[in-house]
Amino acid sequence: AVPVIWGEELMAIMTLSHSKPNQFSKETARDMEQTADLFALILNSVRVRTRASSTQESSAQSKEDWFGEMLHYFPSIIWILDHQGVVQKCGGRHLETIAMDGEQSVGESIYRLFPDAPELTQLVSYALAGNGMEAARFHLAETAYDAWFSPVFDHRNQLTRVVCVI
């Protein structure tokens, strides 16, 4: 059994069952543990949206609250950069592993935040040129990270932002 936890709240317990014994490996259990955080994110999203639709809150404020909470509890790291590489939003439970403060980083250039990380800044430049990437590897200090970069375009096919998940 794997607990599904959001903040301090136990939201659910995930279990697998099979009519025959020994059908699940340790790898399956590890996969369940890794999925639990995303499952909690989805459950909380549903809860926040349900609350918002049953109150008189504005739709925009409800979405902003939901997104801010999602960023805070995201089980990894996420950056949203504008078309010049300036951090618009930043969050995730693992920001401290890269010595980054999400709130203080907003409005700062990713290039200025990571001047000693040429692999990362090259990947950002490539993404800002409109290229998406999956599982692009870079190093910070002694640690290797895999990142996903997704450029976002407007109706005129102009790059407006890049979403990066580490």
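Please refer to the structure placed before this passage.
Not measured: the values here are computed from a predicted model.

What follows concerns the sheet that holds strand β7 (residues 159–165). Taken in spatial order, the five strands make up an open sheet running β4-β3-β7-β6-β5, and their pairing is antiparallel. Of all strands in the sheet, those with a lone pairing partner are β4 (87–91) and β5 (133–140), marking the two edges. Neighbouring strand axes in the sheet, compared pairwise and without regard to direction, differ in orientation by 25° on average. Direction of pairing for strand β3 (residues 78–82) relative to β7: antiparallel, over a ladder of five bridges. Pairing of I78 across the sheet is with V165, part of β7. Set on the sheet, helix α5 (residues 118–128) makes contact with β3, β5, β6 (143–153) and β7; between it and β5 the angle comes to about 150°.

Let's shift gears to the nonpolar core. As a rule of thumb, nonpolar side chains are buried together in soluble globular proteins. Counting 27 residues, the largest nonpolar core has W79, I98, F114, L120, F138, F149 and I166 as the members making the most contacts within it. It is α5 that contributes the most residues to this core, five residues altogether. Each residue touching L120, except ones within four places of it in the same chain, is listed here: W79, F114, F138 and F149. By size, the runner-up hydrophobic cluster in this structure holds eight residues, among which are V4, W6, M14 and M32.

We note that A99 has phi near 55°; this positive angle belongs to a residue other than glycine. When you line up the elements, A99 lands in the loop between β4 and α3 (102–105). Relative accessible area serves as the criterion here: at 74%, A99 is assigned to the exposed category.

Bringing the environment of D116 into the picture now. Locating D116 in the fold gives a position in the loop between α4 (110–113) and α5. Residue D116 is classed as exposed on the basis of its relative accessible area of 75%. In sequence terms D116 and A141 are 25 residues apart; their C-alpha atoms lie 8.8 Å from each other.

Let us now look at the packing of aromatic side chains. Under the counting rule described, the total for this entry stands at two aromatic pairs. Between the aromatic rings of W79 and F114, the centroid separation amounts to 5.6 Å while the plane-to-plane angle is 55°, which identifies the pairing as tilted. Linking W79 in strand β3 with F114 in the loop between α4 and α5, this pair joins segments that are 35 residues apart in sequence. Here W79 and F114 have matching classes, each one buried. Considering the side-chain rings of F138 and Y145, the 5.6 Å spacing of their centres and the 25° angle between planes classify their relative orientation as stacked. On the basis of relative accessibility, which here comes to 13%, the residue Y145 falls in the buried class.

Quick notes on the rules
Residues numbered from 1 in each chain as written. Predicted model: local features only at pLDDT ≥ 70, side-chain atom pairs only at ≥ 80, totals over all residues. Heavy atoms only, no water. Pairing = 2+ DSSP bridges. Helix = DSSP H or I, 4+ residues; strand = E, 2+ residues; numbered from the N terminus. Axes fitted to C-alpha atoms, helices over the stretch in contact; angles between N-to-C directions. Contact = heavy atoms within 4.5 Å. Core = buried A, V, L, I, M, F, W, Y, C linked by side-chain atoms within 4.5 Å. Buried < 20%, exposed > 50% of the residue type's maximum accessible area, 1.4 Å probe, protein only. Phe/Tyr/Trp six-rings, centres within 6.5 Å; stacked < 30°, edge-to-face > 60°.

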